[in-house]
Amino acid sequence: TKEQTLGFSGGGFTTREALKTRTFWLLSFAFLFQQVGTSALAVHIVPYLESVNISTEIAATAVTGLTLVSLIGRFGFGFLGDFTNKRYLIAIALTLQAVGLLVFSFIKGNQAWLIILFLVIYAPGYGGPIPLRPALQADYFGTRSYGTIMGLMSLISMVGGLVSPVVAGWIFDTTGSYQFAWWLFAIITVPAVPLI
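Note that the structure is predicted; figures quoted are calculated from it, not measured.

Reported here for the second largest pocket is a volume of approximately 160 Å³. What lines the second largest pocket is Phe31, Gln34, Gln35, Thr38, Ser39, Ala42, Tyr126, Pro129, Ile130, Arg133 and Pro134. For the lining of the second largest pocket, the secondary structure elements donating two or more residues are helix H3 (22-51) and helix H7 (129-141). Of the residues forming the lining of the second largest pocket, the biggest block, 6 residues, is contributed by H3. Looking at side-chain class alone, the lining of the second largest pocket contains 6 nonpolar, 4 polar and 1 charged residues.

Here's what the structure looks like:
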């Protein structure tokens, strides 16, 4: 198909043509579901860890660790994307994110070691799609309207990223715990895998 043969030829879809494809919407909604978990976790990681009796210092270290370990995913998945189907790699990364959120939900003050397990699973999955997403978009739609198409995809996926931190905060305020939020967001991440 036209979508599969464009590569980096410099040609490609106009924005209007891209919006008429199933691919545009599948990718947009896949990343919408992904943003639900990643955005909520980014906003609430320190408050959550403090709420389960993890010290502020360890919580701050976890944030730094998340950033550093995600570099493994960014480089590793990006490198593999030059030789392997990017869709499958993103699906693997999204699966790691969902599993990582479940692990995250079980962290308690007396089980701080789970932070390490969380970082090992979640962080590479978080970093993986960062280089793959724009490359996959170029594979499908070319570079003719690359920036506009990316902006529209981001606008759609951003909805998940805007709503989920508010929902996580509401769940905590209502129940006194973030655990249900992490379970919910892990489940919501799962549909992104078949969509990819």
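Let us look at the pattern of salt bridges. What the rule picks out here adds up to 1 salt bridge. Here aspartate 139 makes a salt bridge to lysine 86, at a shortest N to O gap of 2.9 Å. Of this pair, aspartate 139 sits in helix H7 while lysine 86 sits in helix H5 (residues 86-105), and the two are 53 residues apart along the sequence. Of the residues examined, lysine 86 reaches a relative accessible area of 15% and is grouped as buried.

Generally speaking, a soluble globular protein has its nonpolar side chains buried in company with each other. Formed by 29 residues in total, the largest nonpolar core has its most connected members in Leu41, Leu49, Phe104, Ile107, Phe118 and Trp182. Put simply, the parts of the chain that give this core at least two residues each are H3, helix H4 (56-80), H5, helix H6 (114-127), helix H8 (146-175) and helix H9 (179-189). The element contributing the most residues to this core is H6, with 7 residues. The next biggest cluster of nonpolar side chains, apart from the first, holds 22 residues, and it includes Ala93, Leu94, Tyr140 and Ile156.

What follows is about the packing of H3 against H5. Running from N to C, H3 and H5 point in directions that differ by 30°, and their axes come no closer than 11 Å. Seen along the crossing, H3 lies across H5 with a hand that is left-handed. Taking contact as the criterion, the partners of Phe31, Gln34, Gly37, Thr38, Leu41, Ile45, Tyr48 and Leu49 in H3 are, on H5, Ile90, Leu94, Gln97, Leu101, Phe104 and Ser105. By residue class, the composition of the contact of H3 with H5 is 9 nonpolar, 5 polar and no charged.

Definitions and cut-offs
- Residues numbered from 1 in each chain as written.
- Predicted model: local features only at pLDDT ≥ 70, side-chain atom pairs only at ≥ 80, totals over all residues.
- Heavy atoms only, no water.
- 1 Å grid on protein atoms, 1.4 Å probe; cavity = no way out; pocket = protein on both sides within 12 Å on 5 of 7 lines; lining within 4 Å.
- Points joined across faces, edges and corners; volume = space filled by probe spheres on them.
- Helix = DSSP H or I, 4+ residues; strand = E, 2+ residues; numbered from the N terminus.
- Nonpolar A, V, L, I, M, F, W, Y, C, P; charged D, E, K, R; others polar.
- Salt bridge = Lys/Arg side-chain N within 4 Å of Asp/Glu carboxyl O.
- Buried < 20%, exposed > 50% of the residue type's maximum accessible area, 1.4 Å probe, protein only.
- Core = buried A, V, L, I, M, F, W, Y, C linked by side-chain atoms within 4.5 Å.
- Axes fitted to C-alpha atoms, helices over the stretch in contact; angles between N-to-C directions.
- Left-handed = near helix turned anticlockwise from the far one by under 90°.
- Contact = heavy atoms within 4.5 Å.

From the geometry alone we can't say anything about function, so treat these as descriptive.
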